[in-house]
Amino acid sequence: MTESGFRSAEDLPEGVSGHLGNLILALADNKRLLGIRYSDWLLGAPSVEAGIACSAMAQDEWGHARILYAMMRDFGHDPSALEHERGAGEYHSSELLDRDVETWEEFLALNFLWDTALSVQFEMLAESRYEPIHYKVRKLLDEERFHFDHGQGWTSRLLSAEGGRTALAEAFGAAWNACLCWFGPEDDPLIGTLAAHGIVRRDAAGARARWLERVGPLASATGLAREADAVWASTREPVWEGYLAGRRRAAEGGPDEDSLARVRGDRNRELLMD
């Protein structure tokens, strides 16, 4: 890095700390709940190998979430309370993760589309001037490459199967807007401020373009993406009605009670083991 870095939240310019803390919490919450959704398919996956992959990906996500929650201490929060003691309306997680995933196609919408959207946001932090996250992101992204390969492989496989394209088009279509909105509108003050100070390396439009570059080649088979002049674009514009910028989600609500009970149950097991 040629620019000087920020070693802690206290070093950040005025007005930047709150935005970065919000983004880190959103990443942590999404990682935590995505891990739960992956774990739901340990036994229901279409093959033994896929079930093993679900287990590995769930553990990755929980590990990533734990690292991110720990980072919130630098922003004045109790990491344990953030991870285990909040209500549904306090989570900064996508509506895609609010409840159980019912079909393998819906699972792939999370694995291929949503997990990739989170990874792209981490890519924007890989050369961040905020040093505590700059040094952690690279290892995290190494682990995420397996997630992308798994989602890409299964998506390609289903697109060539009888009825697979139709089922994927429905599942991907239902998740598409949430993914587009995750990166924020082009005038998003959170990402705009962070980009202006070198905390993230692309603005909202740039991050969204990077996501489309990664998922577009396969998503085009469902009619959701197209290529023009070597640039991938969405065939749908983001729908911002109802978007909650503070919680980084495109609809009201939050994780269902079963999901929250599982998070709290994990905490209870930790306390018993201490």
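Reading the values: rules and limits
- Residues numbered from 1 in each chain as written.
- Predicted model: local features only at pLDDT ≥ 70, side-chain atom pairs only at ≥ 80, totals over all residues.
- Heavy atoms only, no water.
- Phe/Tyr/Trp six-rings, centres within 6.5 Å; stacked < 30°, edge-to-face > 60°.
- Helix = DSSP H or I, 4+ residues; strand = E, 2+ residues; numbered from the N terminus.
- Buried < 20%, exposed > 50% of the residue type's maximum accessible area, 1.4 Å probe, protein only.
- Lys NZ or Arg CZ within 6 Å of the ring centre and 35° of its normal.
- Polar contact = N/O pair within 3.5 Å; in protein donor to acceptor, adjacent residues only side chain to side chain.
- Contact = heavy atoms within 4.5 Å.
- Core = buried A, V, L, I, M, F, W, Y, C linked by side-chain atoms within 4.5 Å.
- pLDDT = per-residue confidence, 0-100.
- 1 Å grid on protein atoms, 1.4 Å probe; cavity = no way out; pocket = protein on both sides within 12 Å on 5 of 7 lines; lining within 4 Å.
- Points joined across faces, edges and corners; volume = space filled by probe spheres on them.
- Nonpolar A, V, L, I, M, F, W, Y, C, P; charged D, E, K, R; others polar.
- Expected span 1.5 Å × (residues − 1).

Asks: Any chance you could explain the packing of aromatic side chains here in plain terms?
Replies: Each aromatic ring pair is specified by the distance between its two centres and by the angle formed by the two planes. Tallied over the entire structure, the rule returns 12 aromatic pairs. Seen in terms of ring centroids, Trp114 and Trp182 are 5.4 Å apart; in terms of plane orientation they differ by 70 degrees. Their pairing is edge-to-face. Of this pair, Trp114 sits in helix α4 (residues 104-123) while Trp182 is found in helix α6 (residues 164-182), placing the two residues 68 residues apart along the sequence. Overall, the relative accessible area of 1% leaves Trp182 in the buried class. With a centroid separation of 4.8 Å and 50 degrees between ring planes, the pair formed by Trp176 and Trp211 is classed as tilted. Within this pair, whereas Trp176 is found in helix α6, its partner Trp211 is found in helix α8 (residues 204-219), the two being separated by 35 residues in sequence. There is no split in this pair, since Trp176 and Trp211 are both buried. One aromatic cluster in this structure is built from Tyr38, Trp41, Trp104, Phe107 and Trp154. The positively charged end of Arg86 is found above the aromatic ring belonging to Tyr91, 4.2 Å away from the centroid. The residue whose ring lies beneath Arg214 is Phe148, and the NZ or CZ to ring-centre distance is 4.2 Å.

Asks: Would you take a moment to explain the side chain of Arg214 for this structure?
Replies: Mapped onto the elements of the fold, Arg214 is located in helix α8. Within polar-contact distance, the side chain of Arg214 engages the side chain of Glu123 at 3.3 Å. Filtering out sequence-adjacent residues up to four positions away, Arg214 remains in contact with Phe112, Thr116, Ser119, Val120, Glu123 and Phe148.

Asks: In this structure, what is going on with the nonpolar core? I would like to understand it.
Replies: The nonpolar side chains of soluble globular proteins are, as a tendency, buried together. Counting 83 residues, the largest nonpolar core has Trp104, Tyr130, Trp176 and Trp211 as its most contacted members. Going through the elements one at a time, α1 (16-39), α2 (48-71), α4, α5 (131-159), α6, α7 (189-196), α8 and α9 (257-273) are the ones with two or more residues in this core.

Asks: Even after reading the chapter, I still don't get the confidence of the model for the chain, so can you show me in this structure?
Replies: Residues of the chain with pLDDT of at least 70 account for 96%, and the chain-wide mean is 93. Counting contacts from residues 268-274, a segment whose pLDDT is below 50, to residues more than four positions away or on other chains yields two contacts.

Asks: Is there a simple way to think about the layout of surface pockets in this case?
Replies: If you roll a probe as big as a water molecule over the atoms, it shows you where there is empty space left. If you add up the space inside the largest pocket, you get close to 350 Å³. Forming the walls of the largest pocket are 16 residues, and the residues nearest its centre are Leu96, Asp100, Val101, Glu106 and Ala174. Per-element accounting of the lining of the largest pocket gives the leading share, five residues, to α6. For the second largest pocket, the calculated volume is near 180 Å³. Residue lining of the second largest pocket: Leu180, Glu186, Ala205, Arg208, Ala209, Leu212, Ala233, Ser234, Arg236, Glu237, Pro238 and Trp240, and that is the complete set. Those elements that provide at least two residues to the lining of the second largest pocket are α8 and β2 (231-234). In terms of residue count, α8 provides more of the lining of the second largest pocket than any other element does, four residues in total. The residue makeup of the lining of the second largest pocket, split by class, is seven nonpolar, one polar and four charged.

Asks: Is there a simple way to explain α1 in this structure?
Replies: Helical geometry: 3.6 residues make up each α-helical turn, so side chains three or four residues apart lie on a common side. The end-to-end C-alpha separation of α1 is 35 Å, in line with the 34 Å expected for 24 residues at 1.5 Å each. The buried fraction of α1 amounts to 21 of the 24 residues, a majority that puts the element mostly inside the structure.

Asks: Looking at this structure, I do not really get the environment of Leu33. What am I missing?
Replies: Along the chain, Leu33 turns up in helix α1. Considering only alpha carbons, one finds Leu33 and Phe122, 89 residues apart in sequence, at a separation of 17 Å. In contact with Leu33, other than residues within four places in its own chain, are Tyr91, Ser93, Leu97, Pro255 and Ser259.

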